[in-house]
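Coordinate analysis (summary)
So the chains spell out like this:
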2 protein chains.
Amino acid sequence: MKRRLLLVSNSTLHGGGYLDHCQQNISHFFGKDVKRVLFVPYALHDRDAYTKTARDKFQTLGGGNTFRLLKSLYDNKVVSEIRRRVLEDGVPYMGSSAGTNVSTISINTTNDMPIVYPPSFSAIGLVPFNINPHYLDPNPNSRHMGETREQRITQYHEEPDTPCVLGLREGSMLLVEGNKATLLGTTKARLFTRGKPSVEYDPGSDLSFLLTH
Amino acid sequence: MKRRLLLVSNSTLHGGGYLDHCQQNISHFFGKDVKRVLFVPYALHDRDAYTKTARDKFQTLGGGNTFRLLKSLYDNKVVSEIRRRVLEDGVPYMGSSAGTNVSTISINTTNDMPIVYPPSFSAIGLVPFNINPHYLDPNPNSRHMGETREQRITQYHEEPDTPCVLGLREGSMLLVEGNKATLLGTTKARLFTRGKPSVEYDPGSDLSFLLTH
């Protein structure tokens, strides 16, 4: 398994610029030999402006709206091709937010508004679990009565045969190299497993067990 | 058009009990002659417990997860039947949150997590626009970098031919009687129209123009 993935929770962290918080991780991930990256701008409406932002930062990304991104990947018939190139040919894949969601089994645990209808919620499937990017702890001072993030993921796990969900807080990311997965960044991650209590993991934790499910 | 709808933003308001904030509106809406209500418990996993909560309150409702609710309505082939009974026979319809979302053109503007895949995002279509329940203003003190609600609705309006979206804040509801629509409750609502600035409406406002689009 040649897979190499860098799955980032969020592209901007409070107080910093675009991708600043993971800049070193990205440089290290791609290394000095990479001359070209393929940027997939499908998740935002103005693709030229989005591509310019990414090019200016000399990075590849995948933020924006998850439904729009996945629908465009299907419309352009590149879901299987990306999977093949990453899993068989070892092309490195980096995503943040929406780009992280579409790299997993399905987009069932995105936070985005369903502004378009993709032909399936199944995604590229580079890892055998799901991720909830921008994972958010309940705010005890909030008067808003919408469901907490934990309640939403619990609702997902009421459905049959649903996979683990890794809640990646803003500032955290997952590095996958072959069959090894490591939590990086500055914040903890919370793992939700169907029918079990959730578990917190510190940055630096080895999460390789998630790849063998 | 015999339609009579009461579309509530949220079933619980901070500091109050289940449906307390709209109790009088519901009593007035159904009137004294209604002896039975059909409660649709599809939006939550434990349908018996959910039905008991609703029965205890002697109310009909539609909170929970919008995707689960709409998928079950399709699975049970009742979408067209509900539309016919409400629009042609004048059966009153009351929904809150998820139940409000599925009464509109589509669920494209729900806040819920897409935990199941419905056969379409098209919904019952009792009104010719969409609603965003639990509408939330940006919190200037938040350090969270997820999109604001307004940004999400703006992304929706980047798609072609998308209808108006009425942002119903918690505490507000829309009463529809035939071709007359009135904003009720204690909070303002914000109307988003594709390509135009958004507009605020006070409780008591006549929003009948939304029904003629």
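Attention in this report is confined to the structure presented alongside it. (Residues numbered from 1 in each chain as written. Chains lettered and ligands numbered in written order. Predicted model: local features only at pLDDT ≥ 70, side-chain atom pairs only at ≥ 80, totals over all residues. Heavy atoms only, no water.)

Points about the overall build of chain A
Within chain A, the regular secondary structure consists of 6 helices and 8 strands. In chain A, the order of α-helices and β-strands from amino to carboxyl end is β-α-α-α-α-β-α-β-α-β-β-β-β-β. Against the 2.2 N^0.38 benchmark of 17 Å for 213 residues, chain A shows a C-alpha radius of gyration of 16 Å, consistent with a compact globule. Across its three principal directions, the C-alpha atoms of chain A cover 45 × 35 × 35 Å. For chain A, the proportion of its 213 residues judged to be buried stands at 51%. Pairs at least 24 apart in sequence give 63% of the contacts found in chain A among residues at least 6 apart. Split by element, the accessible area of chain A, about 9,700 Å² in all, is 50% carbon and sulfur. (Helix = DSSP H or I, 4+ residues; strand = E, 2+ residues; numbered from the N terminus. Rg over C-alpha atoms; globule rule 2.2 N^0.38 Å. Buried < 20%, exposed > 50% of the residue type's maximum accessible area, 1.4 Å probe, protein only. Contact = heavy atoms within 4.5 Å. Areas by Shrake-Rupley, 256 points an atom, 1.4 Å probe, with all protein chains shown as cover.)

Points about the interface of chain A and chain B
In this complex, chain A contributes 41 residues to the contact, which on the side of chain B involves 41 residues. Summing the contributions of chain A and of chain B, the shared interface buries around 3,600 Å²; its carbon and sulfur component is 56%. The tally of links from chain A across to chain B stands at 6 salt bridges. Note that R68(B) is salt-bridged to E159(A), the shortest N-O span being 2.9 Å. Across the chain A-chain B interface, the total number found is 27 residue pairs in polar contact (both at pLDDT 80 or more). Elements that contribute at least two residues to the side of chain A that touches chain B include exactly helix 3 (66–75), strand 3 (130–135) and helix 6 (149–157) of chain A. (Buried area = accessible area lost by both parts, 1.4 Å probe. Salt bridge = Lys/Arg side-chain N within 4 Å of Asp/Glu carboxyl O. Polar contact = N/O pair within 3.5 Å; in protein donor to acceptor, adjacent residues only side chain to side chain.)

As for the side chain of N10(A)
Residue and element names in this part refer to chain A. Residue placement: N10 occurs in the loop between strand 1 (4–8) and helix 1 (23–30). Reaching out from N10, the side chain makes a polar contact with the side chain of S9 at a distance of 3.4 Å. In contact with N10, other than residues within four places in its own chain, are H21, S96, S97, H134, R169, E170, G171 and S172.

Let's talk about the sheet that holds strand 2 (residues 93–96) of chain A
Residue and element names in this part refer to chain A. Pairing within the open sheet is mixed, and its 4 strands lie in the order 2-1-5-6. In this open sheet, the two edge strands, each paired with only one partner strand, are strand 2 and strand 6 (180–185). Recorded for the sheet is a direction-independent mean angle of 15° between the axes of neighbouring strands. Note that strand 1 and strand 5 (residues 172–177) share 5 bridges and pair antiparallel. Residue pairing in the sheet places R4 in a bridge with E177 of strand 5. Packed on one face of the sheet, helix 1 meets strand 1, strand 2, strand 5 and strand 6 and runs near 170° to strand 1. (Pairing = 2+ DSSP bridges. Axes fitted to C-alpha atoms, helices over the stretch in contact; angles between N-to-C directions.)

Some details on helix 3 of chain A
With 7 of 10 residues buried, helix 3 of chain A lies mostly within the body of the structure. Taken together, the buried positions of helix 3 of chain A are T66(A), F67(A), R68(A), L69(A), L70(A), S72(A) and L73(A). The elements touched by buried residues of helix 3 of chain A are helix 2 (47–56), helix 4 (79–87) and helix 5 (98–101) of chain A together with helix 6 (149–157) of chain B. By the N-cap criterion, in which a side-chain oxygen at the helix start approaches the backbone nitrogen of a residue two or three places on, helix 3 of chain A is capped by N65(A), the distance to F67(A) being 2.9 Å. Of the residues one or two after helix 3 of chain A, K77(A) is the one with positive phi, at around 55°.

Let's talk about the relation of the copies chain A and chain B
Superposition of chain A onto chain B requires a rotation of 180° combined with a translation of 0.0 Å along the rotation axis, giving an RMSD of 0.0 Å. The operation mapping one copy onto its partner corresponds to a two-fold rotation axis. In this assembly, 100% of the residues forming the interface of chain A have copies in chain B that are likewise at the interface, indicating an isologous arrangement. (Least-squares fit on C-alpha atoms with pLDDT ≥ 70 in both.)

Concerning unusual backbone geometry
All names here are of chain A. Unlike most non-glycine residues, K77 shows phi in positive territory, near 55°. On the secondary structure map, K77 appears in the loop between helix 3 and helix 4. The phi dihedral of D161 is positive, around 55°, even though this residue is not glycine. Accessibility expressed as a relative area gives 75% for D161, which makes it exposed.

Notes on helix 1 of chain A
Residues and elements named next belong to chain A. I26, F29 and F30 are the residues of helix 1 that are buried. Down the axis of helix 1, the sector holding all buried residues measures 85°, keeping them to one side. In this structure, helix 1 carries Q24 and H28 as exposed residues pointing more than 90 degrees from its buried face. In this structure, the buried residues of helix 1 make contact with strand 1, strand 2 and strand 5. (Arc of directions from axis to C-beta.)

Observations regarding the environment of A98(A)
Residues and elements named next belong to chain A. One can find A98 in helix 5. By relative accessible area, which is 0% here, A98 ends up buried. When the C-alpha atoms of A98 and S172 are compared, they prove to be 15 Å apart, with 74 residues separating the residues in sequence.

Some points on the packing of aromatic side chains
Going through the model one piece at a time under the given rule, you end up with 16 aromatic pairs over all chains. Between F29(A) and F30(A), the ring centres sit 5.1 Å apart and the planes meet at 70°, which makes this aromatic pair edge-to-face. As far as the burial class goes, F29(A) and F30(A) line up, both buried. Ring geometry for F39(A) and Y50(A): centres 5.2 Å apart, planes at 75°, overall edge-to-face. Of the two residues, F39(A) sits in the loop between helix 1 and helix 2 while Y50(A) sits in helix 2, which places them 11 residues apart along the sequence. Residue class for Y50(A) comes out buried when judged on its relative accessible area of 7%. Three or more aromatic residues joined by ring pairs make a cluster, and in this case those are F67(A), Y117(A), F121(A), F67(B), Y117(B) and F121(B). (Phe/Tyr/Trp six-rings, centres within 6.5 Å; stacked < 30°, edge-to-face > 60°.)

Treat this as a map of the structure, not an account of what it does.
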